[in-house]
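Here's the letter readout for the chains.
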Amino acid sequence: MTARPGATSRQHCILVERPDDLEAWREQARALAAAGVVPEHVIWSLQSSGAADLFGGAAAPAACLPSPAAPLAVRANEAFLGLAESVIRHRDPARFALLYRLLWRLQGDRRLMEKPADSDVHCAMAMGRQVRRDIHKMRAFVRFRAVTEPDGGDRYIAWFEPEHHVVRANARFFLDRFASQRWSILTPDLCLHWDGESLVEAPGADPRDAPREDATEDLWQRYYASIFNPARLKVGMMVKEMPRRYWKNLPEAQLIPQLIAGAQAREAAMVAQGADPFPAAPPETLEEIAQGIAACRRCPIGCNGTRAVPGEGPARARLLIVGEQPGDSEECAGRPFVGPAGQLLDRHLRQAGLDRASIRLTNAVKHFRFEPRGKRRIHQTPTAGQIDLCRWWLEAERRLVKPDMVLALGASAGRALLGRAPRLADERGTAMRLADGAGLWLTVHPSYLLRLEGAARDREEARFQDDLARLRIMLEEPAATP
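Notes on the structure follow. These figures come from a predicted structure and were not determined experimentally.

## A few points about the sheet that holds strand β5 (residues 183-186)
So, point 1. Taking strand neighbours across the sheet as the criterion, the five strands line up as β3-β4-β5-β6-β7 in an open arrangement whose pairing is mixed. Where the open sheet ends on each side, the last strands, each with one partner, are β3 (145-148) and β7 (199-203). The sheet shows a mean angle of 25° between the axes of neighbouring strands, direction not considered.
So, point 2. Two elements, β5 and strand β6 (residues 190-194), share three bridges in a ladder whose sense is antiparallel. Paired with Trp183 across the strands is Trp194, a residue of β6.
So, point 3. Running at roughly 20° to β6, helix α5 (residues 167-177) makes contact with β5, β6 and β7 of the sheet.

Rendered as structure tokens:
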């Protein structure tokens, strides 16, 4: 956009009342652009800074602008306004002039904001990123400390020093998060006070106005120390994400030097704790596996006094079915899939044309995890760590049986075979390939079907039956290729 013929060439000094007031800036900028005032003839100043025109004395309001017979139509697109929302909060005094220059140029180039290589656009985008980062840092690093007010209630006060004018931009975030509590956020430029009903703004404060510690400080520091993972320590990355300028207001930052100093020793201890619990050579027969799991005490389930239940079926079966763990009936009988879930599985295997006698059945976890309730033993799902630990036995069994296909019943069995938690809803019914070349088919555990009733059970049993029928078809193929 070029200056309109006859447009004024005098300098216009524009005062902006608040440093982050985009609406006030837009009103001034719109009037300037409509009057055809080129960016070079505008000097922007922040009223609170007391700045004035370096060239012409006292600042003049936008009302002193020339009144053209036909004001220009000023338009701004969504990309510009979105970026201006951030840039206006930047602390650089040149931001007002930059935005006006962009607005002016936008009138003649509607695609200006799509040109990141343009120097003005590039500069504005960089400012916008810095402001958004500062907004995020304020949300992450504000630390409240409790004080008791005269009425006996608590007020939570935090001191924070934002790099840019982002306090108002974060007000909604803290209101939503701490709506039921009274709190104050003190900063050098602006303070926010919330009493549970109304939000009040106040002038900037001094760091000495904020409490330095409270009764929960030790608790918070202990929590931070407990989640500090020395094995994942990257000092450079940590300082980048938690800049040192914020440390003085973070209680946990006092611990950082000693946590870094002790990280190597703690990591070594973690490695030693996670050493291979199975240093012996893998078993060479299924009988050795049965003996091994009977004596295994490497996790709490193995130490709960229950009997280990080994796999059952042919030593070289084409199909291996893996369940979660033995249940109450299986533990008593010492055999897998003999309880209600096993009986339901047997029925569906017969309907699908699969002969249980030709199938090997086993479990991801070899002992029964339960919670005692009176005389009953209530099933408890094994933890991910227990499944991963017992995986050593399952892999040994697979190496010996060498099945063409493996059917995993439920998420625990899927984890034991895949080494990760499967997305059963998405991966069910999708043939997969294991590292040893065997095919893997995922479906639900029969115990899940037992917990359903009515139409839901009919529907899910039909799906389960369909899973087994498709599995049988794959087994009938020469190489059982998934």
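## Focus: the packing of helix α1 (residues 22-34) against helix α3 (residues 95-106)
So, point 1. At a closest axis distance of 11 Å, the pairing of α1 and α3 adopts a crossing angle of 45°. Considered as vectors, α1 and α3 are oriented oblique to each other. Here α1 and α3 pass one another in a crossing that is right-handed. In contact with Trp25, Ala29, Leu32 and Ala33 of α1, α3 contributes Phe96, Leu99, Tyr100, Leu103 and Trp104.
So, point 2. Here the contact of α1 with α3 is built from residues that sort into nine nonpolar, no polar and no charged.

## A short note on the pairing of strand β1 (residues 12-16)
So, point 1. With respect to burial, β1 is a largely interior element, four of its five residues being buried.
So, point 2. Relative to strand β2 (residues 42-46), β1 runs parallel, the two sharing five bridges. Bridge pairing in β2 places His12 opposite Val42.
So, point 3. Where the polypeptide runs from β1 across α1 and back to β2, its parallel neighbour, the crossover connection is right-handed.

## Details of the pairing of strand β4 (residues 154-159)
Side-chain positions along a regular strand alternate between the two faces of the sheet.
So, point 1. When β3 meets β4, the two strands line up antiparallel, connected through four bridges. For Arg145, the partnering residue across the bridge sits in β4 and is Ile157.
So, point 2. In this antiparallel pair of consecutive strands, β3 and β4, the connection spans five residues, and Gly152 shows a positive phi of 90°.
So, point 3. Pairing of β4 with β5, which is carried by four bridges, proceeds in the parallel orientation. The residue of β5 that forms the bridge with Tyr156 is Trp183.
So, point 4. Crossover connection from β4 via α5 to parallel β5: handedness right-handed.

## Looking at the sheet that holds strand β12 (residues 405-409)
So, point 1. Strands sit in the order β9-β8-β12-β14-β13 across an open sheet of five strands; the sheet is mixed. For this open sheet the edge positions go to β9 (359-363) and β13 (432-433), each flanked by a neighbour on one side alone.
So, point 2. Direction of pairing for β13 relative to strand β14 (residues 439-443): antiparallel, over a ladder of two bridges. Within β14, the position partnered with Met432 by the bridge is Leu440.
So, point 3. Helix-sheet contacts for helix α14 (residues 411-418) involve β8 (319-323), β12 and β14, and the interaxial angle to β12 is about 140°.

About the thresholds
- Residues numbered from 1 in each chain as written.
- Predicted model: local features only at pLDDT ≥ 70, side-chain atom pairs only at ≥ 80, totals over all residues.
- Heavy atoms only, no water.
- Pairing = 2+ DSSP bridges.
- Helix = DSSP H or I, 4+ residues; strand = E, 2+ residues; numbered from the N terminus.
- Axes fitted to C-alpha atoms, helices over the stretch in contact; angles between N-to-C directions.
- Contact = heavy atoms within 4.5 Å.
- Parallel < 35°, antiparallel > 145°, perpendicular 65-115°, else oblique.
- Left-handed = near helix turned anticlockwise from the far one by under 90°.
- Nonpolar A, V, L, I, M, F, W, Y, C, P; charged D, E, K, R; others polar.
- Buried < 20%, exposed > 50% of the residue type's maximum accessible area, 1.4 Å probe, protein only.
- Right-handed = clockwise from strand over helix to strand, strands pointing away.

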